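Observations on the three-dimensional arrangement
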Amino acid sequence: MRRRTISSWIPLAGLIAITVGSHASAWGQEGHQIIGVIAMTRLTPQTRVAIIELLGNDDLATAGLWADQIRGDSKYDWAKPLHYVNAPRNENTIVLERDCAKGECAVGAITRFLAEASDSTKSIEERRDALKFAIHFIGDLHQPLHAGYADDLGGNRIPVIAFGDIKTNLHALWDTVLIRHKIHSKPGGDWRTLANALESEMPPKEVAQWESNLDPLVWGNESLAVTRLIYNDLPADAKVGEAYYQSNLPTISRRLAAGGVRLAAALNKTFANHQPAVKPAVKPAVNKENLDVSPVSP
Ligand SMILES: [Zn+2]
């Protein structure tokens, strides 16, 4: 079922409207920031130039939040279905023709916006928005439940009690609650310290594997596979605690790390032929002899 059939649910009540909105949300803020900061350390000099031209002072951690910040602006309503991809429950893989018609899902959006970000026929404003969308959706697609099922809004309609007293839902559990639990497992921890820890723990073999596959459809299918496990693994009483967190921590860490590595790799590929918009000023001709400051032999 495509999410655009939502309008038929509207009479059911505002509650559903609210959960629909939250399904369109991303990793919690920290997830995007972690992915952005991991990616920043991996950009080529050429990509850095392109990023600075398009984003100015914003780094990837900040720019990755924009697509969530504009969700209240009706001008961008068209982008809401682009934060996720849905597949039928009995299917193991995403089929673009079925699950992403006209490219209207996270998989299609990443391909489209990466291309637009480097398209010199577009205005700087269009390219800037495209880049910010691409950064965000690459993060989203690495969150398992952003490749999920339409009938429960990507887990938003599955109530969960976490760590005894946190009333949440399956989507938000993976978007935010488990990541925050990890962040606060160390005194004074924040998203930057977690990003640094993930960076230092990355197994080189896996990094090479992540970098070698830059097809967003593969990323979506990886997430869908994890999503299937998440549903199988959820306790019948939907209460999750320390044991659940510990057993899923490697998956959470791996998806954040892979998201950061792939964000950098995708941007490096996108801007591989980037020509700086402002050419360096031509230096005045100088007399070569005047530049010779090499020590004089005694
Ligand atoms: Zn999102």
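Residues numbered from 1 in each chain as written. Predicted model: local features only at pLDDT ≥ 70, side-chain atom pairs only at ≥ 80, totals over all residues.

A word on the overall build of the chain
- For the chain, the count of helices and strands is 14 helices and 5 strands.
- Within the chain, buried positions represent 40% of all 298 residues.
- Pairs at least 24 residues apart make up 74% of the contacts formed inside the chain by residues separated by at least 6 positions. (Helix = DSSP H or I, 4+ residues; strand = E, 2+ residues; numbered from the N terminus. Buried ≥ 20, exposed ≤ 12 C-beta atoms within 10 Å, placed from the backbone. Contact = placed C-beta atoms within 7 Å.)

Considering the packing of helix H2 (residues 29–40) against helix H10 (residues 191–201)
- Where H2 contacts H10, the two axes come as close as 9 Å, and the packing angle between them is 50 degrees. Taken together, the axes of H2 and H10 lie oblique to each other. With respect to the hand of their crossing, H2 and H10 are arranged in right-handed fashion. From H2, Glu30, Gln33, Ile34, Val37 and Ile38 reach across to H10, where they touch Trp191, Arg192, Leu194, Ala195, Leu198 and Glu199.
- Here the residues of the contact of H2 with H10 are counted per class, giving 7 nonpolar, 1 polar and 3 charged. (Axes fitted to C-alpha atoms, helices over the stretch in contact; angles between N-to-C directions. Parallel < 35°, antiparallel > 145°, perpendicular 65-115°, else oblique. Left-handed = near helix turned anticlockwise from the far one by under 90°. Nonpolar A, V, L, I, M, F, W, Y, C, P; charged D, E, K, R; others polar.)

A few points about the environment of Ile166
- Relative to the elements of secondary structure, Ile166 occurs in strand E4 (residues 166–169).
- Not counting the four nearest positions on each side in its chain, Ile166 is found in contact with Ile161 and Val177.

Remarks on the pairing of E4
- Both strand E3 (residues 159–162) and E4 contribute to a ladder of 4 bridges, which runs antiparallel. The partner of Val160 across the bridge, within E4, is Thr168.
- Between the end of E3 and the start of E4, which pair antiparallel, lie 3 residues, with Phe163 showing a positive phi angle near 50 degrees. (Pairing = 2+ DSSP bridges.)

A word on helix H12 (residues 216–233)
- For H12, spanning 18 residues, the distance from its first C-alpha to its last is 26 Å, which sits close to the expected 26 Å at 1.5 Å a residue.
- Buried within H12 we find Pro216, Leu217, Trp219, Gly220, Ser223, Leu224, Val226, Thr227 and Ile230. (Expected span 1.5 Å × (residues − 1).)

A word on the sheet that holds E4
- If you trace the 3 strands from one edge of the open sheet to the other, you get E4-E3-E5, paired in mixed fashion. Of all strands in the sheet, those with a lone pairing partner are E4 and strand E5 (239–240), marking the two edges.
- In the packing of helix H9 (residues 170–183) onto the sheet, the strands contacted are E3, E4 and E5, and the crossing angle to E4 comes to about 110 degrees.

Some details on the pairing of E3
- Where burial is concerned, the two faces of E3 differ: the one with Val160 and Ala162 is buried and the one with Pro159 and Ile161 is not.
- With 2 bridges joining them, E3 and E5 adopt parallel strand pairing. Across the sheet, residue Ala162 finds its bridge partner in E5, namely Val240.

Examining the nonpolar core
- Ranked by size, the top nonpolar core spans 67 residues in total, and within it Ala106, Ile110, Ala134 and Phe137 carry the most contacts.
- Top element by residues in this core is helix H13 (residues 242–270). It accounts for 10 residues.
- Dropping the residues within four chain positions of it, Ala106 is found in contact with Leu82, His83, Tyr84, Val85, Phe137, Asp140, Leu141, His146 and Gly220. (Core = buried A, V, L, I, M, F, W, Y, C linked by C-beta atoms within 7 Å.)

A few points about the environment of Ile51
- As for its position among the elements, Ile51 is in helix H3 (residues 45–55).
- For Ile51, a count of 23 C-beta atoms within 10 Å gives the class buried.
- Sequence separation between Ile51 and Phe271 is 220 residues, and the spatial gap between their C-alpha atoms is 9.0 Å.

Some words on H3
- Within the sequence span of H3, burial applies to Thr47, Ala50, Ile51 and Leu54. With its buried residues spanning 100 degrees around the axis, H3 presents them on a single face.
- Where the residues of H3 are buried, they touch helix H7 (106–117), helix H8 (124–141) and H13.
- In the segment just after H3, Gly56 is the residue with positive phi, at about 65 degrees. (Arc of directions from axis to C-beta.)

Examining the packing of H7 against H8
- Relative orientation of the contacting elements H7 and H8 amounts to 145 degrees, with a least axis distance of 8 Å. As H7 packs across H8, the resulting crossing turns out to be left-handed. Contact residues: H7 offers Ala106, Val107, Ala109, Ile110, Phe113, Leu114, Glu116 and Ala117, while H8 offers Glu126, Arg127, Ala130, Leu131, Phe133, Ala134, Phe137, Ile138, Asp140 and Leu141.
- For the contact of H7 with H8, a count of residues per class yields 14 nonpolar, no polar and 4 charged.

Notes on unusual backbone geometry
- Phi is positive for Lys102, close to 60 degrees, though the residue is something other than glycine.
- For Lys102, a count of 7 C-beta atoms within 10 Å corresponds to the exposed category.
- Positive phi outside glycine occurs at Phe163, with the angle close to 50 degrees.
- Mapped onto the elements, Phe163 comes out in the loop between E3 and E4.
- Exposure remark for Phe163: the 15 C-beta atoms within 10 Å place this residue in the partly exposed category.

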